[in-house]
Amino acid sequence: MNNKLGLVLRVLLVLLIGATSLMTLLGAVGTVCLAFNGTLYPAYRWIIPLMPTFQILVYIKIAVGFALALVTYATARGDRWFYLGALIFLVAGLSAAAYQMVLSSTARHIPFLAVAPTNIRFYITSVTLLAFLIIRFPGIWNKGGLGIPGGGKGNLALPGGLAMIVTGLMMITAPWWASPEHVVDGVNYVLTLQVPLIVDGIALMFGGASVLLAPRLFAWWQTRRALVSES
């Protein structure tokens, strides 16, 4: 993809859908404890009659999260099906988030948008879906070369590396931005996953940095090798 506008748009889309994929999977993990062990948490008695529904939502979020991860890769590559795939699974993820928020807000008697941290996932998914709808306008889609037959496969390093870094950063900071809904009697239950979140987050950030730097290091190595050969 030689079009600079197309590159910027693709990087933006990869970052957004990558973040949405991560939030969807984290949402599934975060719901497991209550969906399957809600009776063990007195502060969350409201979920007991809803546990079967929340268990189904866990499976849906896992499926959608992994599907969005595949769409993220397809978006970075510019595969033909990336746009339709993104719309289908973004709508599915947004619907699951909205339904969970309706159930939670009704059972707890709080406003719909006050259901944290599901509301964060709802916002991010909404913004990502809106971005995909906006870029489909002919003036943007055609100028960006996003609809080129054959997918316009390009360099995965920039969008892929940035997506990994942003995803890692979100995982490392999860204990802070996901805390409001997980603090019970002064205990932040998100911290029970702090170690794997930090380890995996750091690994993703280093991996993303490596992906970004690898092409430059390889080019430098080739240049260095050529100079040595000439001398």
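The following refers to the structure shown. Bear in mind the structure is a predicted one, so any value in this text is a computation, not a measurement. Position numbers for residues count from 1 along each chain, tracking the sequence in the order it is written. For a predicted model such as this one, the threshold for reporting local features is a pLDDT of at least 70, and the threshold for listing and counting side-chain atom pairs is 80 or more; totals across whole chains, interfaces and linings nevertheless cover every residue. Computation of side-chain values: all heavy atoms of the structure, hydrogens and water removed.

### Description of the packing of aromatic side chains
Centre-to-centre distance and the angle between the planes together describe a pair of aromatic rings.
So, step 1. Side-chain rings of Phe, Tyr and Trp (the six-membered ring for Trp) are treated as a pair once their centres are within 6.5 Å; stacked means planes under 30 degrees apart, edge-to-face means over 60, and tilted covers the remaining angles. Scanning the entire structure with this criterion turns up 10 aromatic pairs.
So, step 2. Between the aromatic rings of tyrosine 83 and phenylalanine 132, the centroid separation amounts to 6.1 Å while the plane-to-plane angle is 40°, which identifies the pairing as tilted. In this pair, tyrosine 83 is assigned in helix 3 (residues 82-108) and phenylalanine 132 in helix 4 (residues 118-134), connecting sequence segments 49 residues apart. Just as tyrosine 83 is buried, phenylalanine 132 falls in that class too. Helix and strand labels come from DSSP, where a helix needs a run of H or I of at least four residues and a strand needs a run of E of at least two; each type is numbered from the N terminus. With a 1.4 Å probe rolled over the protein chains alone, any residue whose accessible area is under 20% of its type maximum counts as buried; one over 50% counts as exposed, and the rest are partly exposed.

### Digging into helix 2 (residues 51-77)
So, step 1. Working rule for helices: expected span equals 1.5 Å times residues minus one. The end-to-end C-alpha distance of helix 2, which contains 27 residues, comes to 39 Å, matching closely the 39 Å that a straight helix rising 1.5 Å per residue would cover.
So, step 2. Just past helix 2, the residue glycine 78 takes up positive phi, approximately 80°.

### Digging into the environment of asparagine 119
So, step 1. Inspection of the secondary structure puts asparagine 119 in helix 4.
So, step 2. A relative accessible area of 9% places asparagine 119 in the buried class.
So, step 3. Leave out the neighbours within four places in its chain, and asparagine 119 touches Met101, Leu113 and Ala114.
So, step 4. Polar contact criterion, stated in full: a pair of N or O atoms within 3.5 Å, where within protein one must be able to donate a hydrogen and the other to accept it, and residues adjacent in sequence count only if both atoms are side-chain atoms. For asparagine 119, the side chain forms a polar contact with the main-chain oxygen of leucine 113, separated by 2.9 Å. Here a residue-residue contact requires only that any non-hydrogen atoms of the pair lie within 4.5 Å.

### Remarks on the packing of helix 3 against helix 4
So, step 1. Close contact between helix 3 and helix 4 brings their axes to 9 Å; oriented N to C, the two are set at 150°. If you check the angle between helix 3 and helix 4, you find them roughly antiparallel. The crossing of helix 3 and helix 4 is left-handed. Here helix 3 contributes Phe82, Tyr83, Ala86, Leu87, Leu90, Val91, Gly93, Leu94, Ala97, Ala98, Gln100 and Met101 to the contact with helix 4, which in turn contributes Thr118, Asn119, Arg121, Phe122, Thr125, Ser126, Thr128, Leu129, Phe132 and Leu133. Fitting a line to C-alpha atoms yields each axis, with helices limited to the stretch in contact; the angle taken between N-to-C directions then spans 0 to 180 degrees. Should an angle fall under 35 degrees it is taken as roughly parallel, and over 145 as roughly antiparallel, whereas 65 to 115 is taken as roughly perpendicular and any remaining angle as oblique. The handedness criterion is simple: a crossing whose near helix is rotated anticlockwise from the far helix by less than a right angle is left-handed, and one whose near helix is rotated clockwise is right-handed.

### As for the environment of leucine 213
So, step 1. Topologically, leucine 213 is positioned in helix 7 (residues 194-230).
So, step 2. Here leucine 213 falls in the partly exposed class, since its relative accessible area comes to 47%.
So, step 3. Residues leucine 213 and glycine 161, spaced 52 residues apart in sequence, show a C-alpha to C-alpha distance of 8.9 Å.

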